[in-house]
Amino acid sequence: VAVVRAVRRVAGVAPGIKWPNDLLFNGKKLGGILTEMETESDRIRYVVVGLGLNVNNPGFPPELAATATSLTLTAGGTFSRVNLLKAWLEEFEELYGRFLNQGFPEILEEWKSSTVTLGRAVTVRQGPREISGQALDIAPDGALLLRTASGEIVRVTSGEITPEPAEGPGA
């Protein structure tokens, strides 16, 4: 959500969020969030958050051209990575403060409003296992809720999803 806000602020375009951590524009990957966490019993020792964002790439090699995009390609012009980082950190700080004071529900609603996953047929790959279904909702803990063809509601907490193609910005 912080990255969507920052990109909108700096570049004037709003990417969509592909659950749980990719940013898309017109079905192509603009970037993604990576996290690493260390826990000890029931305590989180630390969380490291990283952002990969294609900013001023004028194009991509043939093997990526159909699936990757950049801010330059989506919004035109060039953009300061420092300004994007500053905007991301400011938005992250505001959202983190809201999370500490008010919890996750409002942030979750903003996440849902930016998602390109909900309402779509998707396949989730978890190693050799695949689960297919309709992406119904994002649970309060961030899990993706899928309805399988048999009608079963499945909670997905990790995996790579492949949505069916869609049209429009952020899709």
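Up top is the structure.
Attention here is on the structure that accompanies the text. (Residues numbered from 1 in each chain as written. Predicted model: local features only at pLDDT ≥ 70, side-chain atom pairs only at ≥ 80, totals over all residues. Heavy atoms only, no water.)

1. Looking at the overall build of the protein
Our working rule: Helix and strand labels come from DSSP, where a helix needs a run of H or I of at least four residues and a strand needs a run of E of at least two; each type is numbered from the N terminus. To get the radius of gyration, use the C-alpha atoms; to get the globule rule, take the number of residues to the power 0.38 and multiply by 2.2 Å. When accessible area is computed with a 1.4 Å probe and restricted to protein chains, residues below 20% of their type maximum are described as buried, those above 50% as exposed, and intermediate ones as partly exposed. Contacts: residue pairs with any heavy atoms within 4.5 Å of one another. The protein chains shown are the only cover counted for residues, whose accessible areas, like all others here, come from Shrake-Rupley with a 1.4 Å probe. For the charge count, each Lys or Arg is scored as positive and each Asp or Glu as negative, with His and the chain ends excluded. For charged residues, the charge sits on one atom: NZ in Lys, CZ in Arg, CG in Asp, CD in Glu.
From N to C terminus, the protein includes 5 helices and 9 strands. Against the globule reference of 16 Å for 171 residues, the protein gives a C-alpha radius of gyration of 17 Å, in line with a compact fold. With the C-alpha coordinates of the protein rotated into their principal frame, the extents come out at 45 × 40 × 25 Å. Looking at the protein as a whole, 37% of its 171 residues qualify as buried. Counting only contacts in the protein whose residues sit at least 6 apart along the sequence, the fraction spanning at least 24 positions is 48%. Total accessible area computed for the protein in this model is approximately 9,900 Å², and 53% of it derives from carbon and sulfur atoms. Here the protein carries 17 positive and 20 negative side-chain charges, and the mean point of each set is 3 Å from the other.

2. Remarks on the nonpolar core
How we decide: Residue types Ala, Val, Leu, Ile, Met, Phe, Trp, Tyr and Cys, when buried and joined through side-chain atoms within 4.5 Å, form a set referred to as a nonpolar core.
Counting residues in hydrophobic clusters, the biggest one holds 32 residues, and the most contacted among them are Val7, Trp19, Leu71, Leu144, Leu146 and Val156. Taken together, the elements giving at least two residues each to this core come down to α1 (2-11), β2 (22-25), α4 (81-102), α5 (105-114), β5 (121-126), β6 (129-138), β7 (144-147) and β8 (153-156). The element that contributes the greatest number of residues to this core is α1, accounting for 6 residues.

3. A look at the pattern of salt bridges
Put simply, the rule reads: The working definition used for a salt bridge is a side-chain nitrogen of Lys or Arg within 4 Å of a carboxyl oxygen of Asp or Glu.
The final tally for this structure, using the stated rule, is 17 salt bridges. In this structure, Arg5 engages Glu110 in a salt bridge whose closest nitrogen and oxygen atoms are separated by 2.8 Å. With Arg5 in helix α1 and Glu110 in helix α5, this residue pair connects regions lying 105 residues apart in the sequence. Given the relative accessible area of 13%, Arg5 is considered buried. Where Glu160 meets Lys18, a salt bridge forms, and the shortest distance between an N and an O atom there is 2.9 Å.

4. Topic: the pairing of β7
Looking down a regular strand, the side chains alternate between one sheet face and the other. Just so we agree on the cut-off: Two strands qualify as a pair provided that DSSP identifies no fewer than 2 bridges between them.
Note that β6 and β7 share 4 bridges and pair antiparallel. When the bridges of β7 are listed, Ala135 appears paired with Leu146. Following β6, the chain reverses through 5 residues before pairing antiparallel with β7; Gly142 in that reversal takes a positive phi of roughly 95°. As paired strands, β7 and β8 are joined by 4 bridges and run antiparallel to one another. Bridge assignment links Leu145 to a residue of β8, and that residue is Arg155. In this structure, the hairpin formed by β7 and β8 is closed by a connection of 5 residues, where Gly151 is found at a positive phi of approximately 95°.

Limitation: the analysis is restricted to geometry and does not speak to function.
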